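Structure at a glance
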Amino acid sequence: MHNESLSKKNVFHLKKITGSKAFSTFTAALLAILLGLVFGFIVMLIASPPNAVPGIFAVLTGGFRRIADVIYYATPIMMTGLAVGFAFKMGLFNIGASGQYTMGMFFAMYAGFFFNLPRGLHWIVCVAMGMLGGLLWGLIPGVFKALLNVNEVITSIMFNYIGMFLVDMWIQTTPGMYVADKARTAYLPASAQMPSLGIPNSGVNISIFIAIAIAILLFIVLSKTTFGYELKATGYNRHASTYAGMNGKRNIILTMAIAGALAGLGGAFAFLAPSSIPGSSVTYEPINVIAPNGFNGIAVALLGNSSPIGIIFSSVFISHIQRGGTQARLFGYEYEIIDVVISVIIYFSAFVMLMQEVAKKALRQLLDSLKRSFGKKGAEKASDAQPAAEIMAEPELSEVEKEGQK
Amino acid sequence: MNSNDLLKEFIDVFYFIVQNMLPVAIPLLLVALGGMFSERSGVINIALEGIMLFGAFFGCLFVYYVQNTGLNPQVILLLGMVIGAISGFIYSLLLSVAAVNLKADQTITGTALNLIIPAGILLFSRMYFNSDGVTTRVRFYISKIPVLGDIPVIGRLFFQNTYITVYIGLLLLVICTIFFYKTRLGLRLRACGEHPHAADSVGINVYRMRHLGVGLSGILGGIGGFFYAVGIMDGNVNGHTGVAGFGFLALAVMIFGQWKPIRIFFAALFFAFFRTLAPSRSLIPFVRDMNINAAYFKMLPYAATMVVLAFTSKKSRAPKAEGIPFDKGQR
């Protein structure tokens, strides 16, 4: 930039923050969210004009009335988000988190129903079993990719279907697990349910702390270990990392297995949750539908820029607008409005960073032309104006940010 | 049961499978051809599932609004096909603009486009129709085509208990093959998927070719989606089941067909056969006796995909430049 030397003095701190990569990914995420919400609002306007304003308001603020539920529903998508994000770091697109999640759920539930273990130990074994189930289902696309060169996207999608059909069949044919009259699974024994945090009318439980701990652990693995380094290097350039002597095939299989285990934990956390009504539990309905939480994980991972720490926050945000979406029903909108918003957010996340670059370039050109037309004196002003313009672009974003963090 | 009856039963099952297989194979064929155009021009099109559903939804919506006008069902089908093609094309613009002009990540964009449609259909159908989708009651099914249906063997195989989608699909296959291999535009399109910079250096507009490739996949995907709704869902579309992963199966068909039209046709037949086994299992004597859980049959097409891909992906002939955004300034 031509005027950098001039403006350096005034805006040193601001530049340092706004110029950093983390900041631009953050604003990119906010921009994607904003565009998603705007699109959702337009859809609401088309669907039912008079209710659109209170409807979008319900989406944005509905979650604040049910913070415990926001946390409760954030936990599984935090895990599927980590499952997608972790594989992303290696350049693998794990669209199979749904299948891994479902498989984890089945393994965890099976252990819940049929393992006779003392209270306090039982749920831990169930969680471990869920992790194992997801791991196995994540391992398959990894093996197909590493040894047979099959694109992991196709494999994951096919195994989403295969896993869903298998689990639904297993559940329906296992006596003791399925209540045919209700077409749902039976209630899990209390010892298999995770310890509740004791907030009334909510299933929020200690799994949120486990999930956050796992996110932090992954952050450390990615930034401080050789494996994490190899993983990221492979993600940047597969050929270069192979040339540097990294075992690409082993790393692919390992990454997918870990990703699967994370999604499997998500499935375990979702269904081992305690119920607010004594004697009941969260149940599953085998209706041959692929678990949506796997796809929500994609949105979570993209918004969090695949960073484990970012994913903690993005999962809470997605969960927040999902709870808000249930409130929008009061105004006649179906819950699917949130699925529309989330998928639009995914769509824009794919190129919002680029849009930002384009916007910055345009701004720079505008300022340069202003500088030229105002002569030399104007140049100094323009250089002052530039950081100001950057600040100017912020208020609309920070409003969203405020709303998100209220 | 004597051997004569057994033979007769076997022949009946054979006819039944062929008659049911073709309307299933056609959507797979068309959508896979769409995927082929897109990928051979250099854009990975994972959004085929969403494009199919989009085309199917608007096609069925059209059918829903004209079903009481007394139009001939086959005319309605043809008009619905046009609507499906147009809507598929419009929806594919969301992918081509993002992937070609904005250089977005093609896989992520495609995934997002797949997710929007089922949610959108559920949203609008629940608000306006109070159901999970659009239900129509036009009878597109043809029990016997005059004259042709009376030809021995062939008549019963190809001109009885069928839909006109089968013939339209085969016609489109011929047109696509000729366009792909015998026209200048087809050659240029293929060049952009293999080596866009070489194509660019001889004056081919790579961006326009890629828009064309994705646009064609949108048209074929939209038609394929509507044909799915007609031939498999009996003229209905539903946000929950969508097109049951047919867009993804079509991608597998395309890979199995090595990105070549005629091979794709045979690959589509192969997959359609597995898909048809599920509804016809109760008719095949020895399969019926084995008493296998229905879920295994539902899994069959997806499992067959994996087996096929495991054997074919090692020597994959994927277009070299697919998935890489074209940047004119980069050498």
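Within every chain, residues take consecutive numbers counted from 1 along the sequence as written. Here the convention is simple: chains get letters from A, ligands get numbers from 1, in the order in which they are written. Two thresholds apply to this predicted model, a pLDDT of at least 70 for residue-level local features and 80 or more for giving and counting side-chain atom pairs, whereas whole-chain, interface and lining totals are computed over all residues. Side-chain measures here rest on the full set of heavy atoms in the structure, leaving out hydrogens and waters.

1. Digging into the overall build of chain A
Elements are defined by DSSP. Helices are runs of H or I of four residues or more, strands are runs of E of two residues or more, and each kind is numbered from the N terminus. When helices and strands are tallied, chain A shows 18 helices and 2 strands. Accessible area is worked out with a 1.4 Å probe on protein chains only. A residue is then buried under 20% of its type maximum, exposed over 50%, and partly exposed in between. A burial count over chain A gives 54% of its 406 residues as buried. Sequence separation of at least 24 residues holds for 79% of the intrachain contacts in chain A that already meet a minimum separation of 6. Total accessible area on chain A stands at roughly 18,100 Å², and carbon and sulfur atoms take up 65% of it. Contact between two residues is taken to exist if any of their heavy atoms lie within 4.5 Å; hydrogens are not considered. Working definition of accessibility: Shrake-Rupley area with a 1.4 Å probe, residue cover restricted to the visible protein chains.

2. Digging into the overall build of chain B
Assigned secondary structure in chain B consists of 13 helices and 4 strands. For 331 residues, the compact-globule estimate of 2.2 N^0.38 gives 20 Å, and the C-alpha radius of gyration of chain B, at 21 Å, lies within 12% of that figure. Projecting the C-alpha coordinates of chain B onto the three principal axes gives extents of approximately 75 × 50 × 40 Å. The contacts of chain B with a sequence gap of at least 6 include a subset with a gap of at least 24, amounting to 78%. Just so you have it, chain B exposes about 14,100 Å², and 66% of that area is on carbon and sulfur atoms. We take the radius of gyration over the C-alpha atoms and set the globule estimate at 2.2 Å times the residue count to the 0.38 power.

3. A few points about helix H7 (residues 122–148) of chain A
The terminal C-alpha atoms of H7(A), which comprises 27 residues, lie 39 Å apart, in line with the 39 Å expected from a rise of 1.5 Å per residue. Within two residues after H7(A), Asn149(A) carries a phi angle of roughly 65 degrees, on the positive side. What a helix should span is 1.5 Å times the count of its residues minus one.

4. Here we look at the environment of Leu269(B)
All names here are of chain B. In this fold, Leu269 is placed in helix H11 (residues 261–280). Through-space distance from the C-alpha of Leu269 to that of Leu22 is 7.4 Å; in sequence the pair is 247 residues apart. Each residue touching Leu269, except ones within four places of it in the same chain, is listed here: Met21, Leu22 and Ala25.

5. Some thoughts on helix H13 (residues 292–303) of chain A
Residues and elements named next belong to chain A. With 12 residues, H13 should reach 16 Å at 1.5 Å per residue; the first-to-last C-alpha distance of 17 Å fits that figure. Counting buried residues along H13, 11 of its 12 residues qualify, which places the element largely inside the surrounding structure. Looking at H13, one finds that the buried residues are Asn293, Gly294, Phe295, Asn296, Gly297, Ile298, Ala299, Val300, Ala301, Leu302 and Leu303. At the C-terminal side of H13, Asn305 shows a positive phi close to 55 degrees.

6. Remarks on the pattern of salt bridges
Salt bridges, as used here, are contacts in which a Lys or Arg side-chain nitrogen is within 4 Å of a carboxyl oxygen on Asp or Glu. Throughout the structure, instances matching the rule amount to 9 salt bridges over all chains. With a shortest N-O distance of 3.2 Å, Lys145(A) and Glu152(A) are connected by a salt bridge. This pair shows no difference in class: Lys145(A) is buried, exactly as Glu152(A) is. Through salt bridges with shared partners, a single network forms among Glu336(A), Arg126(B) and Asp132(B).

7. Looking at the side chain of Asn45(B)
Residues and elements named next belong to chain B. Mapped onto the elements of the fold, Asn45 is located in the loop between helix H1 (3–40) and helix H2 (48–66). Here Ala47 takes part through its backbone nitrogen, which lies 3.1 Å from a polar atom of the side chain of Asn45. A polar side-chain atom of Asn45 sits 2.8 Å from a polar atom in the side chain of Ser217. Excluding residues that lie within four positions of it along the chain, Asn45 makes contacts with Ser38, Glu39, Ile51, Leu95, Ser217 and Leu251. Polar contact criterion, stated in full: a pair of N or O atoms within 3.5 Å, where within protein one must be able to donate a hydrogen and the other to accept it, and residues adjacent in sequence count only if both atoms are side-chain atoms.

8. Description of the side chain of Ser191(A)
All names here are of chain A. On the secondary structure map, Ser191 appears in the loop between strand S2 (184–185) and helix H9 (207–224). Of the polar contacts made by the side chain of Ser191, one reaches the side chain of His122; its length is 2.8 Å. Among residues more than four places away in sequence, those in contact with Ser191 are Leu117, Arg119, His122 and Trp123.

9. Focus on the interface of chain A and chain B
Accessible area lost when the parts come together is the quantity often used to give the size of an interface. Counting residues at the interface gives 43 residues for chain A and 45 residues for chain B. In this description, buried area is defined as the sum, over both parts, of the accessible area (probe of 1.4 Å) that is lost when the two are combined. Where chain A abuts chain B, roughly 3,800 Å² becomes buried across the two surfaces, and 80% of that area is made up of carbon and sulfur atoms. Taken together, the links from chain A to chain B amount to 1 salt bridge. Salt-bridge contacts for Arg126(B) lead to Glu336(A); the nearest nitrogen and oxygen are separated by 2.9 Å. At the junction of chain A with chain B, the criterion picks out 4 residue pairs in polar contact (both at pLDDT 80 or more). Secondary-structure elements contributing two or more residues to the side of chain A that touches chain B are helix H3 (21–47), H7, helix H8 (152–173), H13 and helix H15 (336–349) of chain A. Element by element, the count of residues in the side of chain A that touches chain B is highest for H8(A), at 12 residues. Residue type decides the class: Asp, Glu, Lys and Arg count as charged, Ala, Val, Leu, Ile, Met, Phe, Trp, Tyr, Cys and Pro as nonpolar, and the leftover types, Gly among them, as polar. The residue makeup of the side of chain A that touches chain B, split by class, is 33 nonpolar, 7 polar and 3 charged.

10. Quick notes on the packing of aromatic side chains
Two rings belonging to Phe, Tyr or Trp (six-membered ring only in the last case) form a pair when the distance between their centres is within 6.5 Å. Interplanar angles under 30 degrees mark stacking, angles over 60 mark edge-to-face geometry, and anything in between is tilted. Going through the model one piece at a time under the given rule, you end up with 33 aromatic pairs over all chains. Ring geometry for Phe144(A) against Phe159(A): centres 6.2 Å apart, planes inclined by 50 degrees, an arrangement best described as tilted. Here Phe144(A), found in helix H7, pairs with Phe159(A), found in helix H8; they are 15 residues apart in sequence, far enough to count as distant. For Phe159(A), a relative accessible area of 11% translates into the label buried. Following the ring pairs from residue to residue traces out a cluster consisting of Phe106(A), Phe107(A), Tyr110(A), Phe113(A), Phe114(A) and Trp170(A). By the criterion adopted, a ring carries a charge over it if an Arg CZ or a Lys NZ lies within 6 Å of its centre and within 35 degrees of its normal. Seen from the ring of Tyr73(A), Arg323(A) lies directly overhead, with NZ or CZ sitting 3.7 Å from the centre. Looking at Arg190(B), its charged tip hangs above the ring of Phe180(B), at a distance of 5.5 Å from the centre.

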